[in-house]
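Residue-level structural notes
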Amino acid sequence: MATFLYKVGRLAFRRRHYVALLWIALLTLAGVGAASAPAAGASSFSVPGTEAQKAFDLLEQRFPGMSADGATARVVFKAPAGEKLDSGANKATVEKTVKDLGDGSEVVSVADPFKGKAVSKDGTIAYASVKYKVSGMELKDASKDALTDTAEQARTAGLTVEVGGDALTATPETGSTEIIGIAIAAVVLVITFGSLLAAGFPLLTALIGVGIGVSTITALASALDLGTTTSTLAMMIGLAVGIDYALFIVSRYRAELAEGREREEAAGRAVGTAGSAVVFAGLTVVIALVGLAVVNIPMLTKMGVAAAGTVAIAVLIALTMIPALLGYAGKKIKPAGEKSKLLGGGRAKAAAKPARPNMGTRWASFVVRRPLAVLLLGVIGLGAAAIPAASLELGLPDDGSQPTSTTQRRAYDLLSEGFGPGFNGPLMVVVDAKDSRTPKADVTTVTDKIKALKDVTTVTPATFNKDGDTATITVVPDSKPSSVTTENLVHGIRDAGAQVKADTDSSVLVTGTTAMNIDVSQKLNDALIPYLILVVGLAFLLLIVVFRSVLVPLKAALGFLLSVMAALGAVVAVFQWGWLSGLMGVEETGPVMSMMPIFMVGVVFGLAMDYEVFLVTRIREAHVHGEKPGQAIVTGFRHSARVVTAAAVIMIAVFSGFISSSESMIKMIGFGLAIAVFFDAFVVRMAIVPAVLALLGKRAWWLPKWLDRVLPNVDVEGEGLREIGSTGSGSGSGPDEDRELVRA
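To keep things clear, this report deals only with the structure shown in the data block. Predicted, not measured: the structure shown is a model, and the values here were computed from it. (Residues numbered from 1 in each chain as written. Predicted model: local features only at pLDDT ≥ 70, side-chain atom pairs only at ≥ 80, totals over all residues. Heavy atoms only, no water.)

Turning to the sheet that holds strand S2 (residues 107-111), a few remarks are in order. Taken together, four strands build an open sheet; the order of strands is S2-S3-S1-S4 and the sheet is antiparallel. A single partner strand is all that each edge strand has here, and the edge strands are S2 and strand S4 (160-164). Strand after strand, the sheet turns through a mean of 20° between neighbouring axes, direction not considered. Two strands pair when backbone bridges link them, and S2 and strand S3 (residues 125-132) are joined in this way by four bridges, in the antiparallel orientation. By the bridge assignment, Val 110 is partnered in S3 with Val 130. (Pairing = 2+ DSSP bridges. Helix = DSSP H or I, 4+ residues; strand = E, 2+ residues; numbered from the N terminus. Axes fitted to C-alpha atoms, helices over the stretch in contact; angles between N-to-C directions.)

This is the structure in structure tokens:
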């Protein structure tokens with residue numbers, strides 16, 4: 001592979017005009033496609049195989065036009081101090097608001113609080129329920145604007161009016177955080193390379209790759225039902241890996257220049273060696289993202305596949321566009337160790353002092369001298385950080401986790417005040433009595449069993465469909481939606497339904513937003529272990545091919561699991577226990593988002609394997625070229641530690657920018673990914689990895705002879721390039737070599 005990519009790098013360097021035109025044409029084509037494609041909202045949400053989804057599907061069949069999974073809004077009214085809502089002026093305002101709410105084209109129904117007994121006992125708080133035809137993620141902006149404008153008009157009449165429910169679901173705006181992340185990345189790159197031009201290449205290629213990926217997703221969004229969240233994830237991951245991959249190749253190019261190679265030869269060797277690592281690092285990320293299909297949630301699968309496509313583009317653009325840009329830059333890109341004139345390079349060296357070993361060399365030498373102490377300290381530290389993960393509680397965020405400044409949170413609090421905390425998460429029980437001879441009697445039995453359960457505040461009378469074979473019952477718990485008590489109640493109703501099924505021919509299903517959240521959490525939790533086995537197992541096999549070792553990939557996988565557990569422990573400590581919650585802006589503690597563990601495994605695993613491949617391939621390269629194990633570690637760190645550190649700092653900065661988001665889910669993801677990258681890059685890869693390699697010595701590269709014969713030799717270290725020449729004159733390149741590359 002190294003020889004093939006070497007030829008790719010030299011070809012792109014020579015034919016840079018064609019390469020640049022190709023990528024610009026692709027970007028333009030994707031942009032035109034995105035601009036001309038029909039607008040698409042967020043993708044529809046379904047969770048096949050869950051009881052809540054089965055109930056939704058059943059309601060669509062038995063209650064046509066009901067829009068069981070349609071968005072809902074609760075417009076909550078509170079009378080001024082000392083007044084009640086049923087007084088003349090206040091009542092007229094509520095009734096006018098209810099009338100205005102029903103005018104929307106997507107509105108199915110609006111329930112008048114005075115007719116539907118939706119007024120608190122003291123008469124000060126009431127709510128109007130609004131039902132829509134489509135889900136909250138598919139609701140048009142015009143419908144959302146009409147909802148908020150109507151509420152604002154009621155406020156001007158003197159009432160306190162807040163709006164809750166999933167009708168106001170909005171995609172968080174993260175543009176400013178992305179800009180901050182890119183700005184920090186630019187500063188880190190300038191410091192790393194000592195050159196504005198060299199620093200600009202990784203940013204430019206990453207933005208081009210993300211532009212192509214996101215534009216393609218936008219162009220296909222309507223046809224494939226991809227949605228806005230898909231492009232957000234693709235942008236986050238694509239920007240991350242795009243900068244990483246280009247950073248590694250540019251850094252290797254400068255190192256080759258420092259060894260005296262001509263520029264075209266240096267570009268070829270940079271792509272042949274660092275590019276090989278980029279290819280396999282990209283494959284691990286793609287495996288992790290595509291593996292999300294194991295969860296069997298269509299929206300999550302589409303997000304993973306789309307993001308994987310963006311990563312593939314990042315790999316291709318790093319292998320071709322970077323050497324092309326290096327060809328354009330010429331002598332403006334300095335060898336490693338030299339700075340540009342703008343940043344202080346090129347000055348006369350008055351006092352020529354012997355070069356001091358860089359920080360990576362000094363750190364690696366320290367670890368090689370004291371590997372056991374470093375290993376124990378790293379493992380104990382991450383183990384301590386992982387302790388809170390034992391108390392992990394999973395759930396999905398509701399309006400109760402919103403900041404108190406939002407109308408959703410204020411509506412949530414008003415409903416809790418007027419009707420109890422469980423009122424914010426009612427459960428819908430669906431009784432399928434189509435095969436029963438006595439459907440009404442069966443429904444009565446179900447109702448009585450539910451009333452006998454603990455933590456039940458209200459059970460509404462059953463509502464039958466036209467055929468009289470299906471009924472819905474609304475159950476209001478006594479506890480808030482995200483509590484463990486409510487989850488136990490859902491399981492209790494389902495257990496009671498199983499008894500009814502055994503005694504009669506009727507089936508009982510529990511659904512609603514709260515039940516759906518519980519089912520999604522359980523589905524994600526059940527999929528975590530199979531997902532880990534699939535992703536880590538495939539990557540383990542891939543890394544065996546890359547490193548030609550059994551112990552190094554095993555160490556990489558175990559180190560990753562340790563860093564993820566430590567990161568989950570930190571998330572639990574902050575968002576569930578409330579440690580440092582003020583510093584992080586966490587206003588309400590509660591269960592950790594159910595998607596968090598599997599999301600962290602997928603994203604962090606890909607980035608962690610990036611750092612592993614970048615760092616260890618350089619160590620193995622030195623070992624293959626004849627250095628002793630300890631010296632190979634020092635050599636690998638001398639060349640790679642600075643690059644890996646820069647890449648990690650950039651990723652931490654990008655992810656940390658999302659901590660400032662007002663959305664608790666985005667805030668949690670930003671913190672979790674940032675702390676996970678910190679643990680993995682600086683504790684696992686920079687400390688535990690060299691310590692383990694130093695302790696293992698030559699045994700680290702042990703591979704059974706039979707396996708050595710079976711595995712393909714991908715030559716990531718560029719051993720085959722030694723046959724081309726030690727200095728590489730760049731002669732002999734031309735059309736003949738281009739044709740040779742095409743044949744390859």
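Text resumes after the structure shown.
Moving on, we come to the pattern of salt bridges. Tallied over the entire structure, the rule returns 20 salt bridges. Linking Arg 10 and Glu 265 is a salt bridge whose minimum nitrogen-to-oxygen distance equals 3.3 Å. Of this pair, Arg 10 sits in helix H1 (residues 2-14) while Glu 265 sits in helix H9 (residues 263-290), and the two are 255 residues apart along the sequence. You can call Glu 265 buried: its relative accessible area is 1%. Between Arg 494 and Asp 519 there is a salt bridge whose closest N-O contact spans 2.8 Å. Separated by 25 residues along the polypeptide, Arg 494 in helix H15 (residues 484-503) and Asp 519 in helix H16 (residues 513-547) bring together distant segments of the chain. Asp 519 shares its class with Arg 494; the two are buried. Members of the salt-bridge network, linked through shared partners, are Arg 10, Arg 14, Glu 264, Glu 265 and Arg 269. (Salt bridge = Lys/Arg side-chain N within 4 Å of Asp/Glu carboxyl O. Buried < 20%, exposed > 50% of the residue type's maximum accessible area, 1.4 Å probe, protein only.)

Let us look at the packing of helix H17 (residues 551-576) against helix H19 (residues 596-624). The geometry of H17 relative to H19 is characterised by a closest axis approach of 10 Å and an angle of 135° between their N-to-C directions. Taken together, the axes of H17 and H19 are oblique relative to one another. Viewed along their axes, H17 and H19 form a crossing whose handedness is right-handed. Residues Val 552, Lys 555, Ala 556, Phe 560, Val 564, Ala 567, Leu 568 and Val 571 of H17 form the contact with H19, whose participating residues are Met 596, Pro 597, Met 600, Val 601, Val 604, Phe 605, Ala 608, Met 609, Glu 612 and Val 616. When grouped by side-chain class, the residues that make up the contact of H17 with H19 number 16 nonpolar, no polar and two charged. (Parallel < 35°, antiparallel > 145°, perpendicular 65-115°, else oblique. Left-handed = near helix turned anticlockwise from the far one by under 90°. Contact = heavy atoms within 4.5 Å. Nonpolar A, V, L, I, M, F, W, Y, C, P; charged D, E, K, R; others polar.)

Here the focus is the nonpolar core. With 174 residues, the main nonpolar core has Tyr 245, Ile 249, Tyr 253, Phe 560, Ile 598, Phe 671 and Leu 673 as its most contacted residues. With 20 residues, the top contributor of residues to this core is helix H21 (residues 664-696). Core analysis: the next-biggest nonpolar cluster, separate from the first, contains 23 residues, Phe 77, Ala 79, Leu 139 and Leu 147 among them. (Core = buried A, V, L, I, M, F, W, Y, C linked by side-chain atoms within 4.5 Å.)

On to the packing of aromatic side chains. Counted according to the given criterion, the structure contains eight aromatic pairs. Here the aromatic cluster, defined as three or more aromatic residues joined through ring pairs, consists of Tyr 127, Phe 419 and Phe 423. The cationic tip of Arg 74 hangs over the ring face of Tyr 127; the distance from NZ or CZ to the ring centre is 5.2 Å. Across the ring face of Phe 114, the terminal group of Lys 91 is positioned such that the distance to the ring centre comes to 5.3 Å. (Phe/Tyr/Trp six-rings, centres within 6.5 Å; stacked < 30°, edge-to-face > 60°. Lys NZ or Arg CZ within 6 Å of the ring centre and 35° of its normal.)

On to the packing of helix H2 (residues 16-36) against helix H7 (residues 196-224). Running from N to C, H2 and H7 point in directions that differ by 30°, and their axes come no closer than 8 Å. Considering the angle they form, H2 stands roughly parallel to H7. Here the hand of the crossing between H2 and H7 comes out left-handed. Together, Trp 23, Leu 26, Leu 27, Ala 30, Gly 31, Gly 33 and Ala 34 of H2 and Ile 208, Gly 211, Ile 212, Ser 215, Thr 216, Thr 218 and Ala 219 of H7 make up the contact between the two elements. For the contact of H2 with H7, the residue count by class is eight nonpolar, six polar and no charged.

With respect to the helices and strands, Gly 418 occurs in helix H13 (residues 407-419). Separated by 298 residues in sequence, Gly 418 and Ser 120 have C-alpha atoms that sit 5.3 Å apart. In contact with Gly 418, not counting residues within four places along its chain, are Ser 120 and Ile 125.

Moving on, we come to the side chain of Ser 479. Relative to the assigned elements, Ser 479 resides in the loop between strand S9 (470-477) and H15. Reaching out from Ser 479, the side chain makes a polar contact with the side chain of Asp 455 at a distance of 2.9 Å. Non-local contacts of Ser 479, meaning those with residues more than four positions away in its chain, are made with Pro 421, Gly 422, Asp 455, Thr 485 and Thr 486. (Polar contact = N/O pair within 3.5 Å; in protein donor to acceptor, adjacent residues only side chain to side chain.)

Position of Ser 215 relative to the elements: it lies in helix H7. Classification of Ser 215 by relative accessible area gives buried; the value is 15%.

Quick look at unusual backbone geometry now. Even without being a glycine, Asn 296 presents a positive backbone phi close to 65°. Mapped onto the elements, Asn 296 comes out in the loop between H9 and helix H10 (298-329). Its identity as a non-glycine residue notwithstanding, Asp 455 has a phi of 65°, on the positive side. Considering the arrangement of structural elements, one finds Asp 455 in the loop between helix H14 (439-451) and strand S7 (456-459). Judged by relative accessible area, which is 17%, Asp 455 ranks as buried.

As a further point, take the pairing of S3. Of all eight residues in S3, seven are buried; the element is thus mostly enclosed. Where strand S1 (residues 72-78) lies against S3, seven bridges are found, and the strand directions are antiparallel. Considered in S3, the bridge of Val 76 is made with Tyr 127.

What follows is about H17. Compared with an ideal rise of 1.5 Å per residue, which puts 26 residues at 38 Å, H17 spans 36 Å between its outermost C-alpha atoms and is within 8% of the ideal. The element H17 is extensively covered by neighbouring structure, given that 20 of its 26 residues are classed as buried. Gly 578 sits one or two positions beyond H17 and adopts a positive phi of about 95°. (Expected span 1.5 Å × (residues − 1).)

For strand S6 (residues 427-432), the tally of buried residues reaches five of six residues, placing the bulk of the element in the interior. Relative to strand S10 (residues 507-511), S6 runs antiparallel, the two being bridged by five bridges. Its bridge partner being in S10, Met 428 is matched across the sheet by Thr 511.

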